[in-house]
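Close look at the chain arrangement
The residues making up each chain are set out below.
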Amino acid sequence: MTLEILAEQACFGGVQGVYAHQSTSTGTRMEFAVYRPPQAREGPVPVLYYLSGLTCSWENATVKAGAQRYAAETGLMLVLPDTSPRGEGVPDADSDDFGQGAGFYLDATQAPWSANYRMWSYIRDELPALVEGRFAVQDGARGIAGHSMGGHGALTLALANPGRYRSLSAFAPIVNPSEVPWGRKALAGYLGDNPELWRAHDASALVEAKGWRGDILIDQGDADPFLGGNLQPQRFAAACKAAGVSLTLRMQPGYDHSYYFVASFIGEHVAWHSERLG
């Protein structure tokens, strides 16, 4: 697969790159960012996939989160994909929570979205095959994290695919999308009106059904304006408790939903993944 180099720049002794390719999953040109720590020059390193939230692209976390400093210290590669297919001819909606920038990390089954909105297959299969075939990644040393909609994607991809990821964390994730406005709109639009089909993309339902062999870290700001409506992390905490899954849910006083919040704790998440990925 041809990989186009859009930019490569020195960063904390490593390389921050931005790349593009023609995706077979989405049928579109997709861009993503990769941070290669200085340790990657000596051999394969673990990799952390970070999924961004509504309205974002690879650029938000790459520029605002500040994760590269911590990845360089721990020897962790970072992969930051886009949040949806984009471009001329790709269906869109006049909405921040549906359409381009809001792919919800699933494979749509409803027209017109089903032609391009296949972010589940892209993130789970196509992108790792491309990245891990091109860059020096340790075999099987793969973790996943995300923010908001990306936290939803990280949780559901990990929980639904046992053994695919060895570490898991999230910032302010949508943990029960089948029961909150953001999720119900997206799941109905992309998957149709049958709520039973939505459970395959609902982290609270998935952890009850499948469990998780490791532990999970979630940070949530208590000043987040979406806390009581679209996020409700206590629902996931209850599901983890029922399933016997170890969850560390940290309510952070005074923090909201922004990248000021993510940047404040990203170093601890990188360390969390580094410890579990070896």
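The text that follows walks through the structure, step by step, so that each part is easy to find.

So, how was this worked out
- Residues numbered from 1 in each chain as written.
- Predicted model: local features only at pLDDT ≥ 70, side-chain atom pairs only at ≥ 80, totals over all residues.
- Heavy atoms only, no water.
- Helix = DSSP H or I, 4+ residues; strand = E, 2+ residues; numbered from the N terminus.
- Buried < 20%, exposed > 50% of the residue type's maximum accessible area, 1.4 Å probe, protein only.
- Polar contact = N/O pair within 3.5 Å; in protein donor to acceptor, adjacent residues only side chain to side chain.
- Contact = heavy atoms within 4.5 Å.
- Core = buried A, V, L, I, M, F, W, Y, C linked by side-chain atoms within 4.5 Å.
- Salt bridge = Lys/Arg side-chain N within 4 Å of Asp/Glu carboxyl O.
- Axes fitted to C-alpha atoms, helices over the stretch in contact; angles between N-to-C directions.
- Parallel < 35°, antiparallel > 145°, perpendicular 65-115°, else oblique.
- Left-handed = near helix turned anticlockwise from the far one by under 90°.
- Nonpolar A, V, L, I, M, F, W, Y, C, P; charged D, E, K, R; others polar.

Note that H147 resides in the loop between β6 (137–146) and α4 (149–160). Of the residues examined, H147 reaches a relative accessible area of 5% and is grouped as buried. At 3.0 Å, the side chain of H147 forms a polar contact with the backbone oxygen of H257. Non-local contacts of H147, meaning those with residues more than four positions away in its chain, are made with Y50, L51, S52, G53, F171, A172, H257, Y259 and V262.

A word on the nonpolar core. Core analysis: the biggest nonpolar cluster contains 87 residues, and Y190 and F236 have the highest contact counts within it. With residues near it in sequence (within four places) discarded, F236 still touches L155, L159, V175, A203, S204, V207, I216, I218 and L247.

One pass over the full model with this rule turns up 12 salt bridges. Linking E4 and R29 is a salt bridge whose minimum nitrogen-to-oxygen distance equals 3.1 Å. Remark: R29 occurs in strand β3 (residues 29–36) and E4 occurs in strand β1 (residues 4–11); sequence separation between them is 25 residues. The closest approach of N and O atoms between R276 and E275, which form a salt bridge, is 3.4 Å. One salt-bridge network, in which partners are shared between bridges, spans E4, R29 and E31.

A few words on the packing of α4 against helix α7 (residues 203–210). Across the interface, α4 lies against α7 with an axial gap of 9 Å and an inter-helix angle of 20°. With respect to each other, α4 and α7 are oriented roughly parallel. As for the relative orientation of α4 and α7, their crossing is left-handed in sense. Contact residues: L155, T156, L159 and A160 in α4; A203, L206, V207 and K210 in α7. Classifying every residue of the contact of α4 with α7 gives six nonpolar, one polar and one charged.

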